[in-house]
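# Structural description and commentary
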Amino acid sequence: MIDSRIYLSSPHMGGTEEKYVKEAFDTNWIAPLGPNVEAFEKSLEEYLGNKSFVASLSSGTATIHLALVMLGVEQGDEVICQSMTFSASANPIVYLGATPVFVDSEKETWNMCPIHLETAIKDRIAKGKKPKVVIGVHLYGMPFKVDEITEVCNKYDIPLVEDSAEALGSYYRNKPCGTFGDLSVLSFNGNKIITTSGGGALVSKESKHKERAIFLATQAREKAPHYEHSQIGYNYRLSNICAGIGRGQMEVLDKHVGLRRDMHQFYKDIFAESEKVSVFSEPSEAYRSNHWLSCLQIKSNNKFTSEDIRLALEVQNIESRPLWKPMHLQPIFRNSPFYGGSISEELFKNGLCLPSGSNLTDSEKQRIKEVLKHFV
Ligand SMILES: *Cc1c(COP(=O)(O)O)cnc(C)c1O
C-alpha cells in the first residue's frame, strides 16, 4: 500500500472558518462585500499595526497589478523586479504594457541584491529611462534586506512595492513584513501561510490609498445614481465568503507560524552535522522568517544533487520542489534586461523546497526523516 501524499504546503483550517462562512449564508451576504470583508481587513490592520490600511482583493496577483496601476505604471515604462521569484511578481508589469528589468539575488536572504539594484537603476537612467517602481520579494518568508533596499529606493526616489505574498508573519527588526513598501502585497492562495481559498490584500499607509484601491477594484464607479466612469476599473474585490475563511485563519496565524518554524527546526536538526547540505536560515537576529517553506541547499563538490533528494522523496510519495526558477532564465522573459551575476541561477540549481505545512503529523515527519537521513 502506498502512503498518502505529503504536500509542500496545504491548507490548514483552524476551526472557526466555517462559522463565519455560515454567517455569510445566514445573512445572505454572498457578495464581494459584507461584514466578513470588513472584519478580515480590520484583523489584518491590527496584526500589522504601524498605521496600516488594508484593502482585501481577489488574489495576490490582482493586488500587484493594482499596486502598479496606483503608482502610475503605464505602457512603455520600466519596472525593476527581483528575478528570483514566482512569475506572479512580474506578470502584472506586462499586463500594463511596461517592461520588467530583473535584478539578481544576494546570498544571505536569497532576495534582491541592493548593489545590483543600484547598478540597474543607474544604468537604466543612463540609457534614458528612470524605472517607475521597484518590486522586492520576501522569498519563502525570509525578509529581504529592508534597510539597504529602502535606502537605494529613497536615494533615487523610486517607490517600492513589497511583495509579501509569502511573508505574512515574518519580521524584520521586530516590524512585520507587509509594512515596508510604499504599497505592500499579501496573498491568501491555498498554499500560503494562511488562506481564503484564493485572495490577496493591498497594504498602505494612508486611508486614501485604501479607498482608491477599493474604488479601482470595484469597477471605478464614480458617485452617481447611474454607472459613471472616468477611469478604467477592475473587478478585484475579495468575496464575503472567502473573507469569512480569512477571519477564521487570522485567529490561528501566530500558531501556524510557530508550527512552520518548528518544521524549519526539524530540518535544521536533521542536517545539523551535515557538511553537504545546509538549511536556509536567517542571516542575523534582525530577521525572523515565518519559514513558509523550509528549503535546503547542496554545498559544492557533492556526490548527490538536489534532484536526487527530490526523486528519493517522490518514491515515498512526498512532494518537494526546486526553488523558483529566476525570471531572467524564463523563456517568456528572455528579452528583458537583467542585472547581476549567477547567484539566483546557482540557488535554483542547488536548492530544494521541502514539505513545510503547519499540519504535518509526527508520522509524516518520520517518513520525511527516513528519506533525508540518507543524504546527511
Ligand atoms: C503566491 C505569490 C504571488 C501571487 O499571489 P496569488 O494570490 O497566488 O495570486 C505573488 N508573489 C509571490 C512571491 C507569491 O508567492
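Predicted model, so just to flag it, every value in this text is computed and none were measured.

Calculation criteria
- Residues numbered from 1 in each chain as written.
- Predicted model: local features only at pLDDT ≥ 70, side-chain atom pairs only at ≥ 80, totals over all residues.
- Heavy atoms only, no water.
- Domains from an automatic or database assignment.
- Contact = heavy atoms within 4.5 Å.
- Buried area = accessible area lost by both parts, 1.4 Å probe.
- Pairing = 2+ DSSP bridges.
- Helix = DSSP H or I, 4+ residues; strand = E, 2+ residues; numbered from the N terminus.
- Axes fitted to C-alpha atoms, helices over the stretch in contact; angles between N-to-C directions.
- Buried < 20%, exposed > 50% of the residue type's maximum accessible area, 1.4 Å probe, protein only.
- Core = buried A, V, L, I, M, F, W, Y, C linked by side-chain atoms within 4.5 Å.
- Salt bridge = Lys/Arg side-chain N within 4 Å of Asp/Glu carboxyl O.
- Near = heavy atom within 4 Å.
- Polar contact = N/O pair within 3.5 Å; in protein donor to acceptor, adjacent residues only side chain to side chain.
- Areas by Shrake-Rupley, 256 points an atom, 1.4 Å probe, with all protein chains shown as cover.
- Nonpolar A, V, L, I, M, F, W, Y, C, P; charged D, E, K, R; others polar.

The next thing to look at is the domain arrangement of the chain. Reports of interface size often rely on the accessible area that becomes lost once the parts have come together. You can read the domains of the chain as domain 1 (17–251) and domain 2 (254–375). Each of domain 1 and domain 2 was reduced to a C-alpha centroid, and the two centroids are 25 Å apart. Taken together, the contact pairs 44 residues of domain 1 with 37 residues of domain 2. Summed over both sides, the interface between domain 1 and domain 2 buries roughly 3,600 Å², with carbon and sulfur atoms accounting for 66% of that surface.

With that settled, the discussion passes to the sheet that holds strand β14 (residues 351–354). Ordered by their spatial adjacency, 3 strands build an open sheet running β10-β12-β14, and the pairing between neighbours is antiparallel. Here the strands that pair on one side only, and so sit at the sheet edges, are β10 (277–279) and β14. The mean inter-strand angle of the sheet, taken between neighbouring strand axes irrespective of direction, is 25 degrees. The pairing of β10 with strand β12 (residues 294–298) spans 3 bridges and is antiparallel. Bridging from a neighbouring strand, V277 pairs with I298 of β12.

For Y140, which is not glycine, the phi dihedral falls at a positive 55 degrees. One can find Y140 in the loop between β4 (133–137) and α6 (146–155). Among the residues examined, Y140 registers a relative accessible area of 1% and is labelled buried. Even without a glycine there, the phi angle at S197 is positive, about 80 degrees. Assignment of secondary structure puts S197 in the loop between β8 (183–187) and β9 (200–204).

The 8 strands lie next to each other as β1-β9-β8-β5-β4-β2-β3-β13, forming an open sheet whose pairing is mixed. At either end of the open sheet lies a strand with only one pairing partner, and these are β1 (53–57) and β13 (338–339). With 3 bridges connecting them, strand β2 (residues 78–82) and β4 associate as parallel partners. In the sheet register, C81 faces β4, and the bridge partner there is I135. Docked against the sheet, helix α3 (residues 60–70) engages β1, β2, β4, β5 (160–163), β8 and β9, running at close to 170 degrees with respect to β8. The strands touched by helix α7 (residues 207–217) are β1 and β9; relative to β1, the strand with the most contacts, the crossing angle is about 15 degrees.

Moving on, we get to the nonpolar core. Within soluble globular proteins, side chains that are nonpolar generally end up buried alongside one another. L44, I80, L117, Y140 and L168 are the most contacted members of the largest nonpolar core, which totals 56 residues. Elements represented by at least two residues in this core include exactly α2 (35–48), β3 (99–103), α5 (114–126), β4, α6, β9, α8 (240–250) and α9 (253–270). Ranked by the residues each element gives to this core, the list is headed by α2, at 5 residues. Residue-level mapping places this core at the junction of two domains, with at least three residues from each of domain 1 (17–251) and domain 2 (254–375). Residues in contact with L117, not counting those within four places in the same chain, are I80, V103, M112, V134, I149 and V152.

Where charged atoms from two side chains of opposite charge approach closely, those side chains can pair. The full count for this structure, using the stated rule, is 18 salt bridges. The salt bridge partner of R261 is E282, with a shortest N-O separation of 3.2 Å. Taken as a pair, R261 in helix α9 and E282 in the loop between β10 and β11 (287–288) lie far apart in primary sequence, 21 residues in all. One salt bridge connects E319 with R321, and the closest N-O pair in it is separated by 2.7 Å. For E319, a relative accessible area of 13% translates into the label buried. Among the charged side chains, a network of salt bridges with common partners joins E41, E45, K210 and R237.

Next up on the list: the site of the ligand. In the vicinity of the ligand, 16 residues are found, and the nearest of them are G60, T61, E166, S187 and K192. Within the backbone of G60, one N or O atom sits 2.7 Å away from an oxygen atom of the ligand. In this structure, an oxygen atom belonging to the ligand sits 3.2 Å away from a side-chain N or O atom of K192. Calculation on the ligand without its partners gives an accessible area of 380 Å², and the protein chains cover 94% of this total. The dominant element in the shell around the ligand, judged by the number of residues it contributes, is α3, at 3 residues. Residue composition of the shell around the ligand, by class: 5 nonpolar, 8 polar and 3 charged.

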